[in-house]
Structure formats: C-alpha cells, structure tokens
Amino acid sequence: MHIYRITVVSLLLLISLPSWAQRQVVQGYVRAATNGEALIGATVSAPEAAIGTITNENGYYQLNLPEGEHTLQATYVGYGTATRTVTVAESSQSINFTLEPASNELKVVEVQASSLQQKLNDTRMSVESLSSREAKLLPALFGEVDLVKTLQLKPGIQSGGEGTSGLYVRGGGPDQNLVLLDDAMIYNPSHLFGFFSVFNPDAVKSVELYKGGFPAQFGGRLSSVVDVRMNKGNNERIRSTGGLGLISSRLTVDGPIVKDKLNFSVSGRRTYVDIFTRQLNRIKEGDKDYNPIPDYYFYDLNGNLNYTLSEKDELSLSGYYGRDFFGFNDSGFSFGFDWGNTMGNLRWRHKFNENLYATTSLTSTGYKYNINNKIDIFSFKLSSEVQDYTFKTDFDWFVGDGHSLKFGAQATHHDFTVGRLNFESEDSTLSFGAGNTYSGSEFGLYASDDFVLSPMLSFNYGLRLSGFNSSGKTYAALEPRVSAKYTLNEHTSLKASYASMMQYVHLLTNSGASLPTDIWYPSNRNVQPQRSQQAAVGVSHLFGKGKYLITNEIYYKWMQNQIDFRDGANLFVNDSLENEFLFGKGDSYGNELYLEKVNGKTTGWLGYTLSWTYRKFDGINNGRRFPARYDRRHDISLVLMHQLNKRLSLTGAFVYGTGNAYSVPVARFAFQDVEGKEPTVIPIYEDRNAYRLAAYHRLDLGAVLKLKPRRGEADLTFSVYNVYNRRNPYFVYFEQQKDKNNEQTIIGFQAKQVSLFPVIPSVTYNFRF
Amino acid sequence: MMQKRLLYLLLPLLAILTACDLEKDIDVDLPYHEPQLVVECYLEPGKQIRASVLESSGYFEAPTPPMVPDAEVFVTTPAGKRVQLKYKPLMIKSTGRFYTHTSTEIMNGKPGQVYQLEVTDGKGRKVTGFTIVQPKVPIDEVEWKFNDKDKAYLLTSFYDDANTANYYRYMTHIDSLSGGSDRDFVTSDELTNGKRVSYGSAYDYEENDTLIVTLYHIEQQYYDFISSVSDAKDANGNPFAQPSKIKSSVEGGFGIFTNLAYDRKTVIIRK
C-alpha cells in the first residue's frame, strides 16, 4: 500500500513538475469602468491553456501560466468581455482589466455564457450564478422580479410550491440554506409567506448558489449557500434607478459623496395593495354584507457606504431593514402582525501586499415577529426573535506554485427569544405570560487551498472546525471539504467533490409554507446539531465552438439529526417545545443535467433533474422511510431569451415537475361527540406523503421593450405568468356532499383540488437616469 | 382622486382573478382501508352506561357508518362488576344522540376510580380501554360586559388545582344544547397551573341572550383525542397544516372511552 502511494505521488510529480518549471505568475485586478469598483468573482482565464480563476474580495486574481503567448480574457456578469494578449517570459507580470457594462440586456447573458470555458476549467462544481440584470429579463409573477425564484429554474434547486421563494436544494429544507447578503446572514429571506424574496432586484448585483462542494469558508447550514452581493455606489455621479410595478415600486439612488473616496447606494421598495384595499373598504363602509379587507404591505430598505481609506484599505458599511405588516382595526378590536429582518455589517478590507489580503467584519443580524391583539381592555402579545452578533476575519494568500490559500475565523453570539407571550387586561384582573430566552455561541475556524497541480488537475481542499455552545452543552466537529477537477481535453472535464456540513441552529416549522411565526431554536443538551455529507461527481463538455456547455452531475447526500414534530405538535405558545420534537434521518440522491446555450440572438438553458428525497423518523409513518413533501422525481426547466431587434427582447420559461408528495386521508369515521355537539366526519391519515399531487407545469412569457426617454434609459417589461392558465395543484382536500334539499344529510364525498395562480399578466416600467 | 382612479383600473383585474375558478373536482385513487372498530363511550355520573360501536370506512365509500351488530361490549365497574351492553340501536330524540349498545347500569363512580371497556366482534377484532373518574371543577363566576354598540363579551372563571396536571374542555351554547356549540376548545393548565383561570370571548352576545356554559374537567387521554380529532379535521383542507393521526384512548381501534365530570351554568345576558 505504501509503495503504491509513493508510486502514484511520484507519477503525479513527473506529470506536473516539468510544466511548473516553465511557469510564471500573471496577476492583477478586475474593476468596473464606471466606478472603479472591484469586481468580486469575475472570471480571468487563458482559454488556450485551459487555465482560469476568479477574482477575490478585492477584485484580485492570480494565474500561473506556462511561458509563451496567451490571450487573457476577463468577464463578469453584466459587463462586457475584456481581452489582453500577454507574453509570459521569465518574470511575473501585472495585468489589470477594466470592464465596461454590457450595452444591452441580452448581451449580459452572452457575457455570462462567454465564461463557459472558465466554468469548464473551474475546480468548483455545483455552483449556479445569476445576475440581477439576467433575472430582470425573465417573466415574473405579478412582474415582481425575484432572483431567488429565478434560481429555482436551475437544476437541483426546487421551489416548495406554487409561487413560493423557498429554496429546496438537493433534498434539503428551506431552513438549511445559508443566505448571505454581503457576507451577513439573513434568517428569513422571504416576504408574504414566501411568495416574494427580500432581495430588491435594484439593490442586488448578483447571486451565487452552492448546491454542493462547499468551500471551507462557509458553514452553519446543511444544504446550500446563497451568496447575494449588493450593488455599490458609483464614483461618477448621482444616479437613480427604479421601477413602477403592479404591486410594488422601487427606487435606488447611488453616487459619490467624496469623489473616488466615498460613495453610497440606497434602495427602497414598497408594495401598495393596501392603498387600494383601504380605498375599497372606505367605499364599502356601511355595507353589512361586506367584510373589510385587512391591511397588508411590505417594504425593504437597503443601503451601503464605501470609503476608500488608502490604496490598501477600504471600509464598507451595508445594511438591510425589511418588514411585513398585516393589520386589522375595528371598533374595540385591533390586530397587528409584523415581521422582518434587520442587518448591519461593517467591513474592513486590507491589502498587506499583492499576495495577502484580509477582510474583517462585524455584523449584527436578526429576525423577529410580533403579534399584537387587543379586544377592549384585553391585550394579547406574542413575539419571537433571533439576534446574532458576528465577528469574522478571512485571509486570501496567493502562495505561488499553484497554491492559493484561504483561512479565517468566525465567532457568533446568538440570542433567541422563543414564543414570548403576554396576556393581560387593563384592569389587572388577568395577567399571564410565557416564553423562554436562550443564548448560544457559535464559532468556525477554517483553512483551504486552491491548488493547481497541473493544467489538467486541480484541487480545492479544506477543513473547517466548527463548534457551538448553549445551555452548558458544547458541540464541536470537523468538516472536511474537497473538490477536484481533471481536464480530459480542451472540451471536457471531470469533477468530483465531497463536503461535510453542520447546522447548530434550527428552524421550527410544521407547515409547508414559510410562515413568519416559524421559530429559530439552538442546539442544546437535548437537541443535537444537524449534520450532512454530500458526495458528487460530474462531467462538463463544451461544444458548438464554445457556445454550448453541457454538464451532468450525480449527487448523494445523507443527513443526520433532522428535526420534525410529533403529530399535532403545538409550536405556537409552548414552554416545553422540546417535547414536541422528533429526530430522524434524511437522504437524497439524483442526477442533474444542464445544457446552456450562450451565443447568438437566442440564448437560454435546459435543466433536467431526476431525484429522490426521503426522511425517516421513529415517530412518523410508524418509523418507516417516507418521501419528503418536495421529493420530485422529474424536474424540467427550459429558459429561452431571444433578441428580436435592438429595442425588443422576448423571453420564455417553461417548467415541469412531478407533483409534490402529499398526505391525504385514506379513510374516515363518524364522531358523535358529547351532548351539545353535531356529529362530524373525522379523516384518518395513514402513510405519510403517500399520495402524489398532479404534475406541475407552467409557461411564462415576457417581453422587454426599450423606450427612448429624453434622459437616461427606460423600458417596459411585460410578463404573462402561467400563459395557458394551467390549474396547478396547491393542495387537495375531501369535501362532504350534502343533500341539497335539507343541506344536512351527507350523500357522499368528493376530492377537490385547489390552485393558486391563474394566468396573470403584468407590466412594469423601469427607469435609470 | 388619483387613488380612486387607480382603484378603478385595478378592479377589473381583481374581478378577473376572483372570477377564475381555482377549485375543481378530481379523482383520487386511495389504497384499500381495512375497516376498524370505532367506539364512543362516555360515562356520566347518574346516567345509564351506553356506547356506540361503528366501523371506519374508506373515504369514498357509502357515507352511512357501518354498524357492527355482532359486537359485544362490556364495561367493568370499579367494584369489578362486568356489565354487558346489549346491542339495541337507540336514538334519543331530545338530544339526537345515537347508541348501538345500552345497559341499565347507572354510573356512580367516585373520583379516582377506574372503569374498563372491552369490545369484541365476530371478525376477531378487540378494542380495550379504561378511564379514571375525574373530580368536577366548579365554575367560580360567569360575567359579561357590554361595549358602546350593545354587544357583550363573556368571561368564565374557575380555580385550577396546583397539585395536579389538569385538562379542560370549555363549551358555550346559545339558548339550548341542541344545534351545535357556540364555542368549544380544550386546554391544559400548563401556563395557568394553580391560578384562577378565565376564558373570554369576543363581543358576540346581545342583551337577553341565554348562554349555557359548561366546563368539563377531562382526562389527558380525552384531551389528546379531542386535539388529534381537531388536528385531523384541520389537516383536510388547510395547506399549512401537517397530517395528524388520531390518538384514541382505546387500543385496537378508534374512539374514546372516558368519563364526563362537568359543571354547567345557564345565564341570561342583562345590562
């Protein structure tokens, strides 16, 4: 065995050493031409040498190229491609790129796609990228562009149900996604029970989603990392961007405060359905048969401030504040319900030298909900909250000889308020309360190496040490991560990855929706951390002169200490929540096929996922393994974008998915109850999720028409959701059929399917000046 | 003015959306369900011991619950007397209650005493259960208060025993016990142990309304059963609810065997 290992290592060295002997470092920065902003995650590649990399937090890259002449290409989503020819000789060189914004929307997609060669060469796998500009092209429900929902069109990423923005990644739940906004975690990334995400498309630059092969710098959630980057202010002039839509409007203002030193960006978005419903209530006032419509609205505020202290130091402050509000007022009765996230993040980027960078941040992030109910002198208040304070530092070190190291540390203090209830009367005759508070400390230490062994073989391997302490109990775990890429030839590469993940904070929810009353809960003596492991292999092939990339990935993920609840669990007001928990296992496996077409007037992608997702709990389904509700055997998405002429672009998206696994009652019995009650029919549920809803499919069409305003740019975005008015199942229930003569005698039972959204046309006016 | 105009623009769209029929009949293939015995037997101090024994059925089978004429029902009293309830379907006209098995035995158990139930039938099915007689918890006060719209809310108060874990079922009826309850819920004393507990209502009542207020002091198994029945009903038709299994107080089938210890007050709402 020992001899075998030595032989393999020697062979690898023999393959790689000659090539390294003739290599030199080419390094530099990629910046935006408009504002000089460092472009994070831009691709820099030498396609002929099949070598490429992406820029770090400072927009910095470093490549090891063989001696000779190379064409270097820098690309970034939403910007044009910059090309430079470089002759690599005896010493290292510095090549900087400045990228111009893409002149039209469709070209943006081309740019994204022109990096397909790099995608082929990237060591990372299972990563999906999307820019805000790209998402804005596609048709959207009510015209509300939503990056998270657009991500659901990528293979391996599913929605939980009609219209919802929750992400179910490779069999994981929506609470198992690490959602980061400028490196700061967002606990509940949705508005209105999950129908919209909290990300205002004008405030967001891009999003990257990791489905597997997680780099070691990420931790704390099992199934995905959603890395959202906000737009930064430009250094040239004050600029406004915005839109007027069917249900909301948005406005962003950005620009310099001190030229080339200090810039800002502020965004706001608010829905205004409540304005119409209030008006309707006013018109119908006095109508006894009319039930007033409660008020509902949500809003988001995003902001950031960037200060360049020196060539080596940059400070940035970013923040998010969003709230949903639901309220109802009548004489003597009022009901108010509000919920939302608050995040603030201060970051300091420091460059020690060309090869060593550090980013240090302090973050405060929290999510809370409040319910206030008042009837005459009685008041009822219920609230839950999670609040985090995080210190984080990350280092990027370009060591040379094909090694790029990342290492860092993170410490978070969590405060949890769970179900704080207060019920009282003004005359003090009644008063009682409930609720618990907990705190927890979470830490992470990590190191990883992006190692290019040869032009053909590269690795990214790392280790994360994570830990958590709460209520006197400490957990710690090692999370190994590794991914590898082997280039078979210029057009084909093979990839593999393995990642182990821990999750110490859990979302308690016993419904299929993202309800604001869902509670975050720490690991403790009785609640062990969740753990997952995922292995994936893939192959990518570039063809059609680099216009098409086809990728196929197979994954297997297994999860321990998954949390569910006993039947009839009460999570709402309960001081002994842990008595309601059940702990079990989960596993998911599948195949994801992804074809991207990138050049020409027609671009788009086709994704097909074949997958299986199961859960197993002692207290559910008699201990037998059962399909998760979002277990979806087949999932297809086809996205096409066509530029008809300079002013008009047409887009379309078609999705098809096997129906959700669902529980329906198989039998019933008649229950008379005690005297004074009417007899009722009681449903009997047996196997969990044994029934399948009808398949889900939908076609959306859109068009973007460029206008010619006197100043700036403007467009009208038309969108038709569910074009052929498919009645997709939202849920199914069984209804009693009664004798029409007496409305009492039950004559039979009928299954009913309820759908949510019929065909919905919308139009949005967008401007920028 | 602008708002009004916008509203008029929006109204046709709302009308289109609401006019769309988003519900339709579908066919659902269900697996075969092996019928099980369903037993309901409530022991009430001073009343005859009676029970109903029926069968569960597949959801889309005939709506009338199947009877089980060959079921044999026995209740064993705390004194060890094994009382057989004879198969004799009976409908009490005044209350609309239906029993399949009855006896002349009067329930006279004292708090803490145990009754047992056994049901068998020709198919070899067997259902068993037991119940511990609960003490009655007296209603301390029923009060009400009017608002300026001449509507009153109701407040019912009682004292919880701090030494025991207690479960309650609270019901109100308007005018009479027939025709269904006005309010009905079960609670535990988890948040109110040892306190004076009050159950309120919204401003639902008018002057001269007659209200019948009942406070049942129930066993945990009855609380679990009622809760699970309510959860199961809620799961059929609520997309946010999770499916819930019935937690019967009996073994070998579905149903409830319990005793009813309650205090009841009738009040007329006056200013």
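Computed from a predicted structure; not experimentally measured. (Residues numbered from 1 in each chain as written. Chains lettered and ligands numbered in written order. Predicted model: local features only at pLDDT ≥ 70, side-chain atom pairs only at ≥ 80, totals over all residues. Heavy atoms only, no water.)

Q: Kindly report on the sheet that holds strand β42 (residues 680-684) of chain A, identifying the contributing residues and their values.
A: Taken in spatial order, the 3 strands of this open sheet run β42(A)-β41(A)-β4(B), and their pairing is antiparallel. The open sheet has two edge strands, β42 of chain A together with β4 (57-58) of chain B, and neither has a second partner. Taken strand by strand, helix α2 (residues 220-235) of chain B contacts β41 (667-671) and β42 of chain A, and its axis lies near 85 degrees from that of β42(A). (Pairing = 2+ DSSP bridges. Helix = DSSP H or I, 4+ residues; strand = E, 2+ residues; numbered from the N terminus. Contact = heavy atoms within 4.5 Å. Axes fitted to C-alpha atoms, helices over the stretch in contact; angles between N-to-C directions.)

Q: Describe the pairing of strand β25 (residues 378-400) of chain A, with residues and values.
A: Residue and element names in this part refer to chain A. Both strand β24 (residues 356-375) and β25 contribute to a ladder of 20 bridges, which runs antiparallel. In the sheet register, T363 faces β25, and the bridge partner there is T390. If you look at the hairpin formed by β24 and β25, you'll find 2 residues sitting between the two strands, and D376 has a positive phi there, around 50 degrees. As judged from the 21 bridges shared by β25 and strand β26 (residues 403-425), these two strands associate in the antiparallel manner. Of the residues in β26, the one forming a bridge with L382 is L421. The turn joining β25 and β26, which pair antiparallel and follow one another in sequence, is formed by 2 residues; a positive phi near 50 degrees is taken by D401.

Q: Quick one: what's the story with the domain arrangement of chain A, residue by residue and with numbers?
A: All names here are of chain A. Domain annotation of chain A identifies domain 1 (21-122) and domain 2 (132-520 + 538-768). Taken over C-alpha atoms, the centre of domain 1 sits 31 Å from the centre of domain 2. Every contact between the two is made by 35 residues of domain 1 and, on the other side, 50 residues of domain 2. Together domain 1 and domain 2 conceal approximately 3700 Å² of surface at their shared face, both sides included; 51% is due to carbon and sulfur atoms. Our enumeration of links across domain 1 and domain 2 arrives at 1 salt bridge. (Domains from an automatic or database assignment. Buried area = accessible area lost by both parts, 1.4 Å probe. Salt bridge = Lys/Arg side-chain N within 4 Å of Asp/Glu carboxyl O.)

Q: Please provide a residue-by-residue account of the packing of aromatic side chains, values included.
A: If you walk through the whole model with that rule in mind, you get 49 aromatic pairs over all chains. With a centroid separation of 4.8 Å and an interplanar angle of 45 degrees, the aromatic rings of Y167(B) and Y223(B) are classed as tilted. One end of the pair, Y167(B), is in strand β12 (residues 167-174); the other, Y223(B), is in helix α2, with 56 residues separating them in the sequence. Since its relative accessible area comes to 15%, Y167(B) is described here as buried. In this structure, R270(A) is placed above the aromatic ring of Y297(A), and the distance from its NZ or CZ to the ring centre is 4.1 Å. The ring of Y475(A) carries K473(A) above its face, with NZ or CZ at 5.2 Å from the centroid. (Phe/Tyr/Trp six-rings, centres within 6.5 Å; stacked < 30°, edge-to-face > 60°. Buried < 20%, exposed > 50% of the residue type's maximum accessible area, 1.4 Å probe, protein only. Lys NZ or Arg CZ within 6 Å of the ring centre and 35° of its normal.)

Q: Which residues make up the domain arrangement of chain B, and what values do they have?
A: Residue and element names in this part refer to chain B. Domain boundaries assigned for chain B yield domain 1 (37-132) and domain 2 (139-245 + 261-268). Taking only C-alpha atoms into account, the centre of domain 1 sits 26 Å from that of domain 2. Each partner contributes residues to the interface: domain 1 has 6 residues there, and domain 2 has 5 residues. Both sides of the domain 1 and domain 2 interface together cover about 450 Å² of buried area, and 37% of this is carbon and sulfur. On the domain 1 side of the contact with domain 2, Y42, E44 and F130 bury the most area, a combined 51% of that side's loss. Between domain 1 and domain 2 we count 0 salt bridges in total. Applying the counting rule to domain 1 against domain 2 returns 4 residue pairs in polar contact (both at pLDDT 80 or more). For the side of domain 1 that touches domain 2, the element with the highest residue contribution is strand β9 (residues 126-132), accounting for 3 residues. In terms of residue class, the side of domain 1 that touches domain 2 is built from 4 nonpolar, 1 polar and 1 charged. (Polar contact = N/O pair within 3.5 Å; in protein donor to acceptor, adjacent residues only side chain to side chain. Nonpolar A, V, L, I, M, F, W, Y, C, P; charged D, E, K, R; others polar.)

Q: I'd like a rundown of the interface of chain A and chain B, residues and numbers included.
A: One widely used convention gives an interface's size as the accessible area the parts lose upon coming together. Contact with chain A, which involves 78 residues of that partner, is made by 76 residues of chain B. Summing the contributions of chain A and of chain B, the shared interface buries around 7200 Å²; its carbon and sulfur component is 59%. The largest per-residue losses of area from chain A upon contact with chain B belong to R668(A), E675(A) and Y685(A), which jointly make up 10% of the total buried on that side. Summed over the shared surface of chain A and chain B, the number is 2 salt bridges. The shortest N-O distance in the salt bridge between D25(B) and K752(A) comes to 2.8 Å. The interface formed by chain A and chain B includes 21 residue pairs in polar contact (both at pLDDT 80 or more). When contributions to the side of chain A that touches chain B are tallied by element, the ones reaching two or more residues are α6 (273-283), β27 (431-452), β34 (548-565), β41, β42, β46 (731-738) and β47 (746-754) of chain A. Here the element with the most residues in the side of chain A that touches chain B is β47(A); it accounts for 9 residues. Tallied by class, residues from the side of chain A that touches chain B come to 46 nonpolar, 17 polar and 15 charged. Sheet topology places β47(A) next to strand β1 (residues 23-26) of chain B; 4 bridges connect them, and they run antiparallel. Across the sheet, Q753(A) pairs through a bridge with K24(B), a residue of β1(B).

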